[in-house]
There are 2 protein chains.
Amino acid sequence: MAELIKVVVDAMGGDYAPQEPVKAAVDAIKERKDISVILAGQEDKIKKELEKYQDYPKDRLQIAPASEVIETAEPPVFAIRKKKDSSIVVGLNLVKRKEADAFVSSGSTGAVLVGGQVLVGRAKGVERPPLAPLIPTMDGVSLLIDCGANVDARPSHLVQFAKMGAIYMEEVVGIKNPRVAIVNNGAEEEKGNALVKETFPLLKQTEGINFIGSIEARDIPAGYADVIVCEAFVGNVILKLYEGLGTALIKKIKEGLMSTARSKIGALLVKPALKETMKSFDATEYGGAPLLGLKGLVVKTHGSAAAVEIKNAIFQCVQFKQQKVNEKIAEHLQPLAAQEDSHEK
Amino acid sequence: MAELIKVVVDAMGGDYAPQEPVKAAVDAIKERKDISVILAGQEDKIKKELEKYQDYPKDRLQIAPASEVIETAEPPVFAIRKKKDSSIVVGLNLVKRKEADAFVSSGSTGAVLVGGQVLVGRAKGVERPPLAPLIPTMDGVSLLIDCGANVDARPSHLVQFAKMGAIYMEEVVGIKNPRVAIVNNGAEEEKGNALVKETFPLLKQTEGINFIGSIEARDIPAGYADVIVCEAFVGNVILKLYEGLGTALIKKIKEGLMSTARSKIGALLVKPALKETMKSFDATEYGGAPLLGLKGLVVKTHGSAAAVEIKNAIFQCVQFKQQKVNEKIAEHLQPLAAQEDSHEK
C-alpha cells in the first residue's frame, strides 16, 4: 500500500468554519485511501461537527486540539507570537515537527504566510517563499507567482520563483515543460522597470526552465504562459483585479440581461449555460495557493472556501508529497544559493 | 463668439488611418463651431480622404503636410529624432510653437509620449508627465494615472499625479471633489511596497485633494475612487489586464451561450442587451488618454480608435483648454516644486 500522506486542516479558519473544513476532511479520506487528516481546532466544536457524519474511516482522522482562533483582522506577526494555542500555530507546528506533511488553511492569509515562514521555516537555499495561486485562463490555469506578503523582491528571488513555479506546474498540475514568463509593461526585451530589466537576462540564462520572455498583463487571461513570474505587489494587483473585474462584469451582465423584456426571456434560457461558463473563470474555484519553498507544504485556501475547494487543496498536498516536489525544489535551488554565497564572499 | 480652439489631429496614426482621423476631424468641426482642426500627415492622402466629404466648414480645417510616418514598432526616441517630417513630430511642433492648443494621435504610444516630453516640453514644476487613461467602472469612469512609459516613479511624482488627476477629473470630466486613492496591496495604512509606504503620508498631507487612502485592485472596477494613483508599471498592468480579462470573459460568455440548444435560442434574445452592456465596460470606448503636465495638451487615442473616439478626444481638448486645466495644474504644482528646490539646497 502507498505511503499515507498526513494533512493538517485548519478547522477554525475561513468564513464557513468549522463546517466546511470538517466536511472537506471527511470527504477527502472517504474518497482516497492514501490520506490521513488531522483537524486542528477547538475539540468540542470539531467533535460536534463530526457527529453529522457516520460512515467514514475514523482511523484516518485525528483531532489536534487548539483552543484559540486567529481572526482575519489581527496583525499576523503579533497573532502568531501571541496565540500559541491557535489552530494555525498548532497545525504549522505539526508540519514543523514532521508529524504531518502539509497544512491547509482558509484562515488569515497574513498569519498563514508569517507562520509558514517562522514556524515551518524556509527550505535550504530558498531566499523567499512565494505564495502562488492558480488563476483561470481561456484554456486552463496558470500559476501566478508571487502574490505573497513580502513585496519589493530582488532579481534572485524572481529567478527562484520561476524555478519553483515550473516544478510545481510540472509535478503537481501535470503540465509538461511549462512556459515561464515574466510580467512586463511591453513585449520587447528592453521594456521593464529596474527589477524586470535586471531579472530578464538572469531568467534567460536559467537552465531547466522553459523561459518564453515577457508577458503583458493583457495576455495573461489568454493563457500565454503557465508560470507567471512577478513581484508580490504586482501579483497582488493581478490577482485582485481578476476577482474584482470578474465580479463587476458578471453584475453588469446581469443588469444587461434584465434591461429589456426580450432579454429577460432570453436570460431564463441562457442562465444555466452562463452560470457554468462564469464558474470556469472564477478565480476562487481553483483550490488553494501553495506557499512554496518551505520545509513542509502550506496551502492557503480562500476565506470563503467551500468543502470542495479545501478537499482539492488536500489532494494537491498528496500530489505534492508523492512527486517529491520539495526535494526537487531543493535540488534545483541549491546550486543558485551556493553561487550567491560565493559571490558575496 | 467663443475663442476658437485649435486641435492637431495625426492623420497617419492608428490602424485605420487616414480614414478614421479624417472622419473625426470633419465630424468634430461640423458638430461644434468653437473648434478648428489641423490634419497632420501626407497631403495627397488626406486630400483624397477629404473628397468623401462635401458639406463641412472648410475654413476650420487645415492640413499640415508631413511626408513621413512613424510606425508602431519603431524605437520611439530614435523615431522622434530621425523622422522630423513625420505627422507626430510636425503635429507636436505646432503645439510647441503655440500654433495649436492640442495634439491628438492614435499612432505609436511610445513616440507620442517621448515626443510630447521632448518637443512640447514639461510645464514648469512638473517632474514627470503622466499618461492618464479613463477606465470604465460600474458607475462611470476612473482616471488611472500613471500608465506612461517612464516606470519606477518617486513619491513626489505620485503626489503630482494625484494633483493633476484630481484637477483633470474635476475640470474636464466634471466630477466634483474627486476621490483620490493610491493602489495598494491591502487596505490598511501599513501595507504597501517601499514606494507606496513613502507616498501615503505625503498624500495625506497634500492640500486641495480628496485623498481617501489605499485602493485594492479588487475595488477599482467597482468605482471606489475617481483618481487611481499608481506607478506606471502597475498602471500598465491594470490597464492591460482590464483589456485582456474583458476580452477573455466575452469570449467565454459567447462560448457559453453557444453550448446548448436552449442557450442558443436564449442567446438570440439577449444579444442586443448584452452587446450594449459589454460596450459600457469596454476600456477602448472612453476616448483618449491625456499626457498631462506638458506646456500644451497631448492626447493618445487607441491604435484601433474609430472616428468617434478620436472626435471625443478632440472635444476633451476643448474642455481642457476652456477650463484652463494647464494653468490650474501649474498653479497647484508650483509650490511643491519650490519646496523641493529648497530641500535640495
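Worth saying up front: this structure is predicted, and the values here are computed from it rather than measured.

Colleague: Which residues make up the relation of the copies chain A and chain B, and what are the values?
Modeller: There are two copies of the chain, and a rotation about an axis plus a shift along that axis relates them. Superposing chain A onto chain B takes a rotation of 180° plus a shift of 0.0 Å along the axis, which leaves an RMSD of 0.1 Å. What the rotation and shift describe, once combined, is the action of a two-fold rotation axis. Among all C-alpha atoms of chain A, that of A:Gly266 lies closest to the rotation axis, at 2.0 Å. Mapped onto chain B, 98% of the interface residues of chain A are again interface residues, and the two copies thus contact each other with one and the same surface.

Colleague: Please provide a residue-by-residue account of the packing of aromatic side chains, values included.
Modeller: All names here are of chain A. Scanning the model with the defined rule gives four aromatic pairs over all chains in all. With a centroid separation of 5.2 Å and an interplanar angle of 70°, the aromatic rings of Phe200 and Phe211 are classed as edge-to-face. Here Phe200 is found in helix H7 (residues 194–205), whereas its partner Phe211 is found in strand S8 (residues 210–216), with eleven residues between them in sequence. Assigned by exposure class, Phe200 and Phe211 land together as buried. The ring of Phe315 carries Arg32 above its face, with NZ or CZ at 5.3 Å from the centroid.

Colleague: Requested: an account of the confidence of the model for chain A, with residues and values cited.
Modeller: Residue and element names in this part refer to chain A. Taken as a whole, chain A shows an average pLDDT of 90; of its residues, 94% reach a score of 70 or greater. Note that residues 337–345 has pLDDT below 50 and, in this model, three contacts with residues that lie over four places away or in other chains. Interface confidence in the predicted complex, given as ipTM, is 0.89; pTM for the same model is 0.90.

Colleague: Would you mind going over the interface of chain A and chain B in detail, with residue names and values included?
Modeller: Counting from both sides, the interface comprises 52 residues of chain A and, opposite them, 51 residues of chain B. Buried area between chain A and chain B, summed over both chains or domains, comes out near 4800 Å², and the portion from carbon and sulfur atoms is 74%. The three residues of chain A that bury the most area against chain B are A:Met138, A:Phe233 and A:Lys252, which together make up 14% of that side's buried surface. Counting across the chain A and chain B interface gives four salt bridges. The salt bridge partner of B:Glu243 is A:Arg218, with a shortest N-O separation of 3.3 Å. Of all the secondary-structure elements, those providing two or more residues to the side of chain A that touches chain B are strand S7 (179–184), H7, helix H8 (232–257) and helix H9 (261–280) of chain A. With 20 residues, H8(A) is the largest single contributor of residues to the side of chain A that touches chain B. Its residues assigned to classes, the side of chain A that touches chain B comprises 28 nonpolar, 15 polar and nine charged.

Colleague: So what about the pattern of salt bridges? Which residues, and what values?
Modeller: All names here are of chain B. The tally for this structure, following the rule as stated, stands at 30 salt bridges over all chains. The salt bridge involving Lys23 is made with Asp27; its shortest N-O contact spans 2.9 Å. Here Asp27 and Lys23 lie together in helix H1 (residues 19–31), a separation of four residues that amounts to about one turn. Residue classification places Lys23 among the partly exposed positions, given a relative accessible area of 32%.

Rules of the game
Residues numbered from 1 in each chain as written. Chains lettered and ligands numbered in written order. Predicted model: local features only at pLDDT ≥ 70, side-chain atom pairs only at ≥ 80, totals over all residues. Heavy atoms only, no water. Least-squares fit on C-alpha atoms with pLDDT ≥ 70 in both. Contact = heavy atoms within 4.5 Å. Phe/Tyr/Trp six-rings, centres within 6.5 Å; stacked < 30°, edge-to-face > 60°. Helix = DSSP H or I, 4+ residues; strand = E, 2+ residues; numbered from the N terminus. Buried < 20%, exposed > 50% of the residue type's maximum accessible area, 1.4 Å probe, protein only. Lys NZ or Arg CZ within 6 Å of the ring centre and 35° of its normal. pLDDT = per-residue confidence, 0-100. Buried area = accessible area lost by both parts, 1.4 Å probe. Salt bridge = Lys/Arg side-chain N within 4 Å of Asp/Glu carboxyl O. Nonpolar A, V, L, I, M, F, W, Y, C, P; charged D, E, K, R; others polar.

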